[in-house]
Amino acid sequence: MRNLLLPGLVLICGIVFTVRLFYLQVYDTSFQALSDSNAVKVEYDYPQRGYIFDRNGELLVSNQPSYDVMVIPREVKDLDTLEFCGLLKIERADFDRIMEKAWVYSPRIPSPFIPQLTKGEYAYLSEKMRKYKGFYIQKRSLREYQVQHSASVLGYIAEVNERIINENPYYQMGELIGMQGVEKQYEDFLRGEKGVKYIQKDRFNKEIGPFKEGIYDTLPIRGNDIVLTVDSKLQEYGEQLMVNKRGGIVALEPATGEILALVAAPNYDPALLVGRERSRNFTRLYYDTISRPLFDRVLQGEYPPGSPFKSLTALIGLQEGVISTTERISCYGSYNYGGRKPLGCHHHPSPLNLVGGIANSCNSYFATAYRRTIDKYDTPQEGIDNWRYHLRSFGLGDFMGYDLPSGRPGLIPDSEFYNRYYQYPTYRWYSTATISNSIGQGEVLMTPMQMVNFTAAIANRGWYYKPHIIKEIKGQDTIPAIYTQRYQTTIDAAHFEPVIEGMFDVYNKGTASHIQIPGIEICGKTGTAENYTKIDGQRVQLTDHSVFVAFAPKDNPKIAIAVFVENGYWGSRWAGRIAGLMIEKYIKGEISRTDMEAFVLNGSLEEEYAKPYSGEPFSINQ
Amino acid sequence: MGSSGYLKIDWLTVFLFLSLVFIGWINIYSASVADTSAPFINFDLEYTKQLVWIGLSVILIIVILAVDTKFYERFAGLIYLVSLLSLACLYLFGTTINGATSWYNLGGISIQPSEFAKAATALALAKYVGDLQTNMSEFQHQARAFLIVALPALLIVPQPDPGSALVYAAFLFPLYREGISGVYILLGFAAAALFVLTLLLGVPWMAVIISALAVLIFIRNKKKKPRPSRYLLAILLCIGFSYSVDYIFNNVFEQRHRDRFNIVLGKETDLQGIGYNTNQSEIAIGSGGWTGKGWTQGTQTKGNFVPEQQTDYIFTTVGEEWGFLGSTLVIVLFVVLLIRILQLAERQKSQFGRVYGYSVASILFVHFLVNIGMVTGLLPTIGIPLPFFSYGGSGLWGFTILLFIFVKLDASNTHYQ
């Protein structure tokens, strides 16, 4: 027995050690990660972000170098805090706050300490930073804007937040990412690929050369340049026209779906959201809850489309065979039903055929066409759903799939919507309950982007390409396939001609005759959209929105446009004029109607916008 | 001593010894080389110096094997006395390195006599126990045997080098083999258990547990009519011990000792300060994975994260660069060597040979246990080298002498059959 004790202990000990080694080396993999963070330092080399050009090759956005002071909290040692704060011109309290945040994020991964130094500050600091352990200066590239317009289109880049870091491991604290507009949409192309260097360190954190002779290191890959479909000159002109107005302009090339101009007003200088001032400026823009400059009215503003919608009512009526081009419909100054006059109309000749109906924007005509469309079916539910089916084919009532990261779907109501709305089957509802839809009021909502899309589909006589802003990604063969695919509407091509004829008459002798531009055949449709707001919980009507959709020339159209001016009163007053000027600017390159241009450039609606906030009773539509 | 004597030596032991020395050296190379493209021979670097030590130990081995077997038995007492003297004289002429006066400085070469004292003590103990006059069941003889072991240990403790002194506990195993009561070993274990548990739970809890345990045993043994007074005495002794542990730990130990225990007991986890060694060595070993990062490819090794890596922590290089497979191989080599030595010890004709063989195995075992236990985070940080592996001339020579005297004894043993 006595000769077994020691051999037994030796064996037990051997087994225990083997198990322990198995646990440390094979079972618990966390030691590998610890080892990597311990001995290998990762250094990033940030590539230049891709440039952005307009459709004519004009440079819109380039880069400027920027320098961040970075900190690795656990490596900060023997720091003379007061001296350091003095050097960076920050308060002791700021120092503590930033350090605490950096510790919370990670003791071993770098966090930005002071972001975006100027070149002067960098030159001064770069020599001294060496002596502060745990701090270093990281070079990045920031945006430099060559133009003062298109902020809402271009978007901006900003430091990644924690949500993004958690979702996408590519990004680390302090890195920049596209947050809005094109910068966000094409981030993957624009950013390029950051280069990585692995550096072996010793226990004093001293770098002792590349890790494994640099076999894992990568070089940074420069971001792809991109070319946008927008025309910088047209874009700039549009923003000038929209000064002191709220709303938007959006113009497409109907044959391709390329966005020529996309102006949301009010706008701001894109350079405001660059560098150290970004945060303060952003806050100021964000909290401007009255003019809401960060709210992209072209993509996010859901408005009742008003009279331009009548073109669609007519097209659906023709397709369903409930109206014809020859039939004349009477108007008695209003659309009368059941002893009531739910829709008023204005003075115009009566009765009117289809072309005349559009040219004079007769409410009765389109109310009749709409009612017949719905009542063609046994139940109003079926009628509404069929009506909606046609509208959906124009890209309405849904996010359209354009390549900008914000937007709203608008609303094309279906039978379920009205069943809920009228509490069917407790209460029944009929076509007349939804009659306002016929003239683009009622429940129908659209963004200006959707309005220009159906206008382009009319211009093309029945089809459209999805609107898009990307023209070319340098280094890539194609743009995304959905933008090179034609979408067909449910309306036969033949039905478009009379509607286009009507829209041409709008411009020639109808509601927009005074915006005529020599030498250009414009087809358009005015709109005057009623709208309401709530003041102290009470529904108050405001001055009508001024709406205009158009395309030109009549044959082989080069441009389709939608203009929306909030509280601008009747359609041709502001929106029509602006659309006319934009079309002339695009097609001719210069402006002949300088009278009209002067009116728009000098005009302001600020007084109108101030009314609901004045706290006093006010009158509208003056 | 004829030429046939060499043929009788146990080649398995020699092979295991050479394997461990070789593996040890290539790991010392990896841990100390800074630039693989620089000239190989550089006497500033540990691996070159170790190569010299290894070369010299080969000469030492030849000398040991050449000396007549009777010499070791006959002169064991003298060797022991010289060894004690060398330890005692440290207090007069010793050099202090890392706070411990354990070294003689002989013309730029440091010699650590405690490394040689183990072999001397083993010889002396074997001589005493193997003497026909000695009867290990007699208390007086037991006491003398303990004294032989305790003297060098007592000289080493105040250097201070408690780690090396602790190794002398290894002599309990040969003594147990030769017939002293198992109670001594049990008492040793019980004291260790009480020690650890007291630190973990505190004196009040220990008092409760000890009393409960005593009552349980008392009830179980009721048929044998146990005397309650003895149990009471045992309880009081245990609680007294527990209390003294608490007192010694808090009032006699220095903070760094307390910290080391607290880290292993999981009562503290300061990974930057006092827990740094253990944490870094676990990271280095753990990062090796199945097959390791490859020779000289260890990032932790290259970055010098593990302190004392060429000496006490050399096993971390094995772990990092050779992975689970490599480190298990080293464990297996050690286990086989220890078992082989014990096997050889059992077949010795003389009691002297057996006691000596047992002492060799026990000393190597305690080094192995404490060192690997320390680097894998199972035991507190106690700085003793891994035999044949760790960098250091004194250590390598000490273990070589220890082992090869036994190889010589074994060779003669079979030769005379």
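What counts, and where the lines are drawn
- Residues numbered from 1 in each chain as written.
- Chains lettered and ligands numbered in written order.
- Predicted model: local features only at pLDDT ≥ 70, side-chain atom pairs only at ≥ 80, totals over all residues.
- Heavy atoms only, no water.
- UniProt positions renumbered as here; feature names shortened; annotations may be inferred.
- Helix = DSSP H or I, 4+ residues; strand = E, 2+ residues; numbered from the N terminus.
- Buried < 20%, exposed > 50% of the residue type's maximum accessible area, 1.4 Å probe, protein only.
- Contact = heavy atoms within 4.5 Å.
- Areas by Shrake-Rupley, 256 points an atom, 1.4 Å probe, with all protein chains shown as cover.
- Axes fitted to C-alpha atoms, helices over the stretch in contact; angles between N-to-C directions.
- Left-handed = near helix turned anticlockwise from the far one by under 90°.
- Nonpolar A, V, L, I, M, F, W, Y, C, P; charged D, E, K, R; others polar.
- Disulfide = S-S within 2.5 Å.
- Buried area = accessible area lost by both parts, 1.4 Å probe.
- Salt bridge = Lys/Arg side-chain N within 4 Å of Asp/Glu carboxyl O.
- Polar contact = N/O pair within 3.5 Å; in protein donor to acceptor, adjacent residues only side chain to side chain.
- Patch = residues over 30% accessible without salt bridge, like charges linked within 9 Å, V, L, I, M, F, W, Y side chains within 5 Å.
- Lys, Arg positive; Asp, Glu negative; His and termini not counted.
- Charge placed at Lys NZ, Arg CZ, Asp CG, Glu CD.
- Pairing = 2+ DSSP bridges.
- 1 Å grid on protein atoms, 1.4 Å probe; cavity = no way out; pocket = protein on both sides within 12 Å on 5 of 7 lines; lining within 4 Å.
- Points joined across faces, edges and corners; volume = space filled by probe spheres on them.

In the nomenclature of an unreviewed UniProt entry, chain B corresponds to Rod shape-determining protein RodA from the organism Aureitalea marina. UniProt, in its Subcellular location (unreviewed entry) section for chain B, records the words "Membrane".

Going by the annotation in an unreviewed UniProt entry, the name recorded for chain A is Penicillin-binding protein 2, with Aureitalea marina given as the source organism.

J.: Would you take a moment to explain the overall build of chain A for this structure?
T.: Counting its secondary structure elements, chain A contains 22 helices and 20 strands. Expressed as a percentage of its 622 residues, the buried residues of chain A come to 56%. For chain A, the share of sequence-separated contacts (at least 6 apart) that also reach a separation of at least 24 residues comes to 72%. For chain A, the exposed surface amounts to about 27500 Å²; the carbon and sulfur share of it is 50%.

J.: I keep staring at the overall build of chain B and nothing clicks. Help me out?
T.: Across its full length, chain B carries 18 helices and three strands. Looking at chain B residue by residue over its 417 residues, the buried ones come to 51%. Contacts spanning at least 24 positions in sequence make up 69% of the contacts within chain B whose residues lie at least 6 apart. Taken as a whole, chain B presents about 19100 Å² of accessible surface, with 68% of it coming from carbon and sulfur.

J.: Honestly, the packing of helix 5 (residues 76-93) of chain B against helix 6 (residues 113-130) of chain B in this entry has me stumped. Any pointers?
T.: Packed helices, taken two at a time, are described by the angle between their axes plus the distance between the axes. All names here are of chain B. Contact geometry of helix 5 with helix 6 gives a least axis separation of 8 Å together with a crossing angle of 145°. You can see that helix 5 and helix 6 cross each other, and the crossing is left-handed. Mapping the contact onto sequence places Ala-76, Ile-79, Tyr-80, Ser-83, Ser-86, Leu-87 and Leu-90 in helix 5 and Pro-113, Ser-114, Ala-117, Ala-120, Thr-121, Leu-123, Ala-124 and Lys-127 in helix 6. Grouping the constituent residues of the contact of helix 5 with helix 6 by class yields 10 nonpolar, four polar and one charged.

J.: Sorry, what's going on with the state of the cysteines here?
T.: Linking two cysteines covalently through their sulfur atoms gives a disulfide. Counting across every chain of the model gives zero disulfides over all chains. Among the cysteines around Cys-362 of chain A, which has no disulfide bond, Cys-331 of chain A carries the closest sulfur, lying 3.8 Å off.

J.: Please explain the interface of chain A and chain B as it appears in this structure.
T.: Accessible area lost during the coming together of the parts is what is often quoted as the interface size. Across the boundary between the two partners, chain A contributes 33 residues, which contact 48 residues of chain B. In this assembly, chain A packs against chain B so that about 3500 Å² is buried in total across both faces, 71% of it on carbon and sulfur atoms. In terms of surface lost to chain B, no three residues of chain A exceed Arg-2, Phe-17 and Gln-25 of chain A, which account for 21% of the buried area on that side. Where chain A packs against chain B, one counts one salt bridge. The salt bridge partner of Glu-282 of chain B is Arg-20 of chain A, with a shortest N-O separation of 3.4 Å. Applying the counting rule to chain A against chain B returns eight residue pairs in polar contact (both at pLDDT 80 or more).

J.: Would you mind showing me how to read the environment of Phe-93 of chain B here?
T.: Turning to its location among the elements, Phe-93 of chain B is positioned in helix 5. We classify Phe-93 of chain B as exposed; its relative accessible area is 59%.

J.: How should a negative patch on the surface be read in this particular structure?
T.: There is a patch of like negative charges on the surface, built from Asp-378, Glu-382, Asp-385 and Glu-416 of chain A. The exposed category is assigned to Asp-378 of chain A, whose relative accessible area is 75%.

J.: What's the story with the sheet that holds strand 19 (residues 538-552) of chain A in this structure? I'm lost.
T.: Sheets are built from strands paired through backbone hydrogen bonds, the pairs being either parallel or antiparallel. Residues and elements named next belong to chain A. On the basis of which strands lie adjacent, the open sheet formed by five strands has the order 12-11-20-19-18 and antiparallel pairing. In this open sheet, the two strands that pair with only one neighbour each are strand 12 (258-265) and strand 18 (523-535). Geometrically, the sheet is characterised by an average inter-axis angle of 10° between neighbouring strands, direction not taken into account. As judged from the seven bridges shared by strand 19 and strand 20 (residues 559-565), these two strands associate in the antiparallel manner.

J.: So what exactly am I meant to see when it comes to the side chain of Glu-443 of chain A here?
T.: Examined against the element boundaries, Glu-443 of chain A turns out to sit in the loop between helix 17 (415-421) and helix 18 (448-459). Summary of buried charges: Glu-443 of chain A has no salt-bridge partner, and the nearest side chain of opposite charge, Arg-539 of chain A, is 8.6 Å away.

J.: What should I look at first to understand the pattern of salt bridges in this one?
T.: Opposite charge on two side chains allows them to pair when their charged atoms are near. Residue and element names in this part refer to chain A. Tallying each qualifying case throughout the model produces 34 salt bridges over all chains. The closest approach of N and O atoms between Arg-593 and Asp-595, which form a salt bridge, is 3.2 Å. With relative accessibility at 48%, the residue Asp-595 sits in the partly exposed group.

J.: Would you mind showing me how to read the sheet that holds strand 1 (residues 95-97) of chain B here?
T.: All names here are of chain B. Strands sit in the order 1-2-3 across an open sheet of three strands; the sheet is antiparallel. Every other strand in the sheet has two partners, leaving strand 1 and strand 3 (109-111) as the edge strands with one partner each. Ignoring which end each strand starts from, the neighbouring axes of this sheet average 55° apart. Here three bridges tie strand 2 (residues 100-106) to strand 3, and the two strands are oriented antiparallel to one another. In the sheet register, Asn-105 faces strand 3, and the bridge partner there is Ser-110. Sheet strands touched by helix 5: strand 1 and strand 2. Its angle to strand 2, the strand with the most contacts, is close to 90°.

J.: What is the right way to read empty space enclosed by the protein from this model?
T.: All names here are of chain A. All told, the structure shown has two cavities of 30 Å³ or more when counted by the stated rule. Reported here for the largest cavity is a volume of approximately 220 Å³. In this structure, the largest cavity is lined by 13 residues; those nearest its centre are Tyr-46, Pro-47, Arg-49, Leu-176 and Arg-191. For the lining of the largest cavity, the class distribution of residues is six nonpolar, one polar and six charged. What the second largest cavity holds in volume is close to 80 Å³. Val-42, Glu-43, Tyr-44, Tyr-46, Met-70, Pro-110, Tyr-136, Gln-138, Arg-140, Gln-172, Met-173 and Glu-175 together form the lining of the second largest cavity.

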